[in-house]
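# Coordinates in review
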Protein chains: 2
Amino acid sequence: MGELVVVGSVALDSVKTPFGAVEDALGGSATYFSYSASFFTKVRLVAVVGKDFSRDHLSRLEQRGVDLSGLQISEGQTFRWVGEYGYDLNEAHTLATHLNVFADFKPDLPQHYRSAPLIFLANIDPVLQREVLRQMKRPHLVALDTMNFWINGKRDALLSVLAEVDALVINDGEARMLTKEPNLIKAARTITSYGPKIVVIKRGEYGALMISNGRFFFTPAYPLESVFDPTGAGDTFAGGFMGMLAKSESLDEAALRRAIVYGSVMASFTVEDFSLNRLMRLEPEEIEARVQIFRDLVHFEI
Amino acid sequence: MGELVVVGSVALDSVKTPFGAVEDALGGSATYFSYSASFFTKVRLVAVVGKDFSRDHLSRLEQRGVDLSGLQISEGQTFRWVGEYGYDLNEAHTLATHLNVFADFKPDLPQHYRSAPLIFLANIDPVLQREVLRQMKRPHLVALDTMNFWINGKRDALLSVLAEVDALVINDGEARMLTKEPNLIKAARTITSYGPKIVVIKRGEYGALMISNGRFFFTPAYPLESVFDPTGAGDTFAGGFMGMLAKSESLDEAALRRAIVYGSVMASFTVEDFSLNRLMRLEPEEIEARVQIFRDLVHFEI
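Just so we're clear, the structure is a prediction, and the values are computed from it rather than from any experiment.

### A closer look at the side chain of S59 of chain A
Within the secondary structure layout, S59 of chain A lies in helix α2 (residues 55–63). A polar contact of 2.8 Å, which involves the side chain of S59 of chain A, links it to the backbone oxygen of D56 of chain A.

Written out as structure tokens, the structure is:
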């Protein structure tokens, strides 16, 4: 399909898990997404950081070929998130969110971004997501992520942007919250009535499910014996998913399913270390090896 | 492989879910297991009921060809369970357990049961499970289920019987409790070091996973838009799993995986109504139809 634009956050995360801790480590939805997608396609990033953001972090993304011409560098501090996980790594406890320069973020897409065929609107204010969409010239595939904060706080704006979106990528708790429907299968189907014809629901250690054209597809999470830090797993998943679609010839059911598998495999690497540390030492052969193992994980014959 | 013996409970359940309630309905691990397995093989049941147990319930099982010559009918009341589920149908809240005649249950296998090639030791006291195993003549496959009550209360007896068992079928919380290992992949692998070379972990709405010969296999739960009552889902799953193995020519990896799929499909029917109501109106064609849908649910090509 071609190149891929992402708008979202670039952040500095301080995270504690039962296995260790990091402070002011590279994070943010657009960061994990871009780094993951860069293994499959050309990525163009839209975000904002403060003057305090390290040049070293930027060059990490540049080395992966990520286009940073849409990254604003503003007066002030970079967005910071402070979180903690217990032994149940499925749930993050947010201790602090400092929006800093992100509070006044006004995405402005460089001209050469606007004709990209695919765009991912990571978890930001739905009003901004719609504004970014207006700057794009008829993309082939628009996908969006969101969170409880916007579902509760800006429901109308969210539903309005959802009506213009092809794919929603969301976690299970948020899918239930958005639809007020405890049954996840019904929730997924309900979301397709809001606009997106493709709904991808992330279930953490339980994998992912997708509904597209009325058909369901399920994948487990790649089985790992050591999970260090789940931060960024969902955005890495979305990056692998959208990156593989960008690399595909078409957006048919087979391509969508393949993309879900690659997204799951990419997420499995992120959680093996803090921040983007595991992704930064990832080799393409390792991705293919896990995809092959994945096939065997679910294969059966009747 | 041939016929299948099951030892477990036959009970009268009073269950309340957000969608309705039943009182003194037919239940118990051996009941769900037998009924489910009877779609695939000859089942011989070992259990105990009281004099109050309805003749009508017995004939339901007899109609499915279940051999009840191992069912003791004792003076006193049948085992009763009272439970409730909230909107999160994953967790049962036990309100009361009246063991009644089950408290003095001493399984005694009829002679013609003892040479069966497969046996399922449903969730009962591990001391009794071992006693039953001693009555069997070298079965080809011994599988066992257990629960938190025995894991905490009779750990040594449980580990002792596990050492003689080929397959453990257990839910995820119990697998973690048994191994004291929060990571489920590690927990499954750890259990194989206790004896069972096959470990099947039931995850409710998240499906099931199996480790056998060091290889993992994952299946989702069959996607349902209406779940009425999850009671008996795990035992129905085990019945479908063991029933299909009994029907198979061999116990190789392909047969094990196929059996997991059939177990998942059988469980998907049980939860659609209270007690065994859905199973009682189930047609073999409906099973095959869901198995076909199951294939499409997880199929992808790289």
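Alright, that's what it looks like, and here's the rest.
### Considering helix α8 (residues 233–247) of chain B
In a regular helix each residue adds 1.5 Å, so 15 residues correspond to 21 Å; α8 of chain B covers 21 Å between its end C-alpha atoms and thus fits that length. Along α8 of chain B, 13 of the 15 residues are buried, which leaves the element largely enclosed by surrounding structure.

### Regarding the relation of the copies chain A and chain B
It takes a turn of 180° to lay chain A on chain B, together with a shift of 0.0 Å along the axis; the resulting RMSD is 0.0 Å. This pairing of chains is accounted for by a two-fold axis. Minimal C-alpha distance to the rotation axis in chain A is attained by Y206 of chain A, lying at 3.2 Å. Looking at the interface residues of chain A, 100% of them are also at the interface in chain B, so both copies use one shared face.

### Structural notes on the sheet that holds strand β11 (residues 198–202) of chain A
All names here are of chain A. Taken in spatial order, the 9 strands make up an open sheet running β5-β4-β1-β8-β9-β10-β11-β12-β13, and their pairing is mixed. Looking at which strands have only one partner, the edges of the open sheet turn out to be β5 (67–74) and β13 (215–219). The sheet shows a mean angle of 15° between the axes of neighbouring strands, taken without regard to direction. Bridge analysis of strand β1 (residues 4–7) against strand β8 (residues 118–121) gives 4 bridges, and the strand direction is parallel. Bridging across to β8, V6 finds its partner in F120. Strands β1, β4 (43–50) and β8 of the sheet are contacted by helix α1 (residues 29–37), whose axis makes an angle of about 165° with β1. Sitting on the sheet, helix α6 (residues 172–179) touches β10 (167–171) and β11, and the angle it makes with β10 is about 110°.

### What to know about the pairing of strand β11 (residues 198–202) of chain B
The two faces of a sheet get side chains in turn, since along a regular strand they alternate between them. Residues and elements named next belong to chain B. β11 sits mainly inside the fold: 5 of its 5 residues count as buried. Neither face of β11 is exposed, since I198, V200 and K202 on one face and V199 and I201 on the opposite face are all buried. The pairing of strand β10 (residues 167–171) with β11 spans 5 bridges and is classified as parallel. Bridge pairing in β11 places A167 opposite I198. Pairing between β11 and strand β12 (residues 208–212): 5 bridges, direction antiparallel. Its bridge partner lying in β12, I198 is registered against S212. Between β11 and β12, which follow one another and run antiparallel, lie 5 residues, and G204 among them has a positive phi close to 60°.

### A short note on the sheet that holds strand β6 (residues 80–85) of chain A
All names here are of chain A. Read from one edge to the other, the open sheet built from 4 strands follows the order β3-β2-β6-β7, with strand pairing classed as mixed. Every other strand in the sheet has two partners, leaving β3 (20–27) and β7 (92–98) as the edge strands with one partner each. On average, each strand axis in the sheet is inclined to that of its neighbour by 15°, with strand direction left out of account. Relative to β6, strand β2 (residues 11–17) is paired through 5 bridges, and the arrangement is parallel. By the bridge assignment, S14 is partnered in β6 with V82. Where α1 meets the sheet, it contacts β2 and β3, and its direction lies at approximately 80° from that of β3.

### Observations concerning the interface of chain A and chain B
Quoted interface sizes are often the accessible area lost when the parts come together. Taken residue by residue, the interface counts 35 residues in chain A and 35 residues in chain B. Carbon and sulfur atoms supply 57% of the area buried between chain A and chain B, which totals about 3300 Å² over both sides. Summed over the three residues of chain A that lose the most area to chain B, namely E225, F300 and I302 of chain A, the buried surface amounts to 22% of that side. Seen at the junction of chain A and chain B, the total is 8 salt bridges. Ionic pairing is found between R176 of chain B and E205 of chain A, a salt bridge with its closest N-O pair at 3.3 Å. Where chain A packs against chain B, one counts 18 residue pairs in polar contact (both at pLDDT 80 or more). Listed by contribution, the elements that provide at least two residues to the side of chain A that touches chain B are α6, α7 (184–192), β13, α9 (253–270) and α11 (284–298) of chain A. No other element matches the 6 residues that α11 of chain A contributes to the side of chain A that touches chain B. When grouped by side-chain class, the residues that make up the side of chain A that touches chain B number 19 nonpolar, 3 polar and 13 charged.

### A look at unusual backbone geometry
All names here are of chain B. Residues other than glycine seldom take positive phi values, yet N100 does so here, at roughly 50°. The residue N100 is located in the loop between β7 (92–98) and β8 (118–121) in this model. Even without being a glycine, N213 presents a positive backbone phi close to 50°. Locating N213 in the fold gives a position in the loop between β12 and β13 (215–219).

What counts and what doesn't
Residues numbered from 1 in each chain as written. Chains lettered and ligands numbered in written order. Predicted model: local features only at pLDDT ≥ 70, side-chain atom pairs only at ≥ 80, totals over all residues. Heavy atoms only, no water. Helix = DSSP H or I, 4+ residues; strand = E, 2+ residues; numbered from the N terminus. Polar contact = N/O pair within 3.5 Å; in protein donor to acceptor, adjacent residues only side chain to side chain. Expected span 1.5 Å × (residues − 1). Buried < 20%, exposed > 50% of the residue type's maximum accessible area, 1.4 Å probe, protein only. Least-squares fit on C-alpha atoms with pLDDT ≥ 70 in both. Contact = heavy atoms within 4.5 Å. Pairing = 2+ DSSP bridges. Axes fitted to C-alpha atoms, helices over the stretch in contact; angles between N-to-C directions. Buried area = accessible area lost by both parts, 1.4 Å probe. Salt bridge = Lys/Arg side-chain N within 4 Å of Asp/Glu carboxyl O. Nonpolar A, V, L, I, M, F, W, Y, C, P; charged D, E, K, R; others polar.

Shape descriptors only; they carry no functional weight alone.
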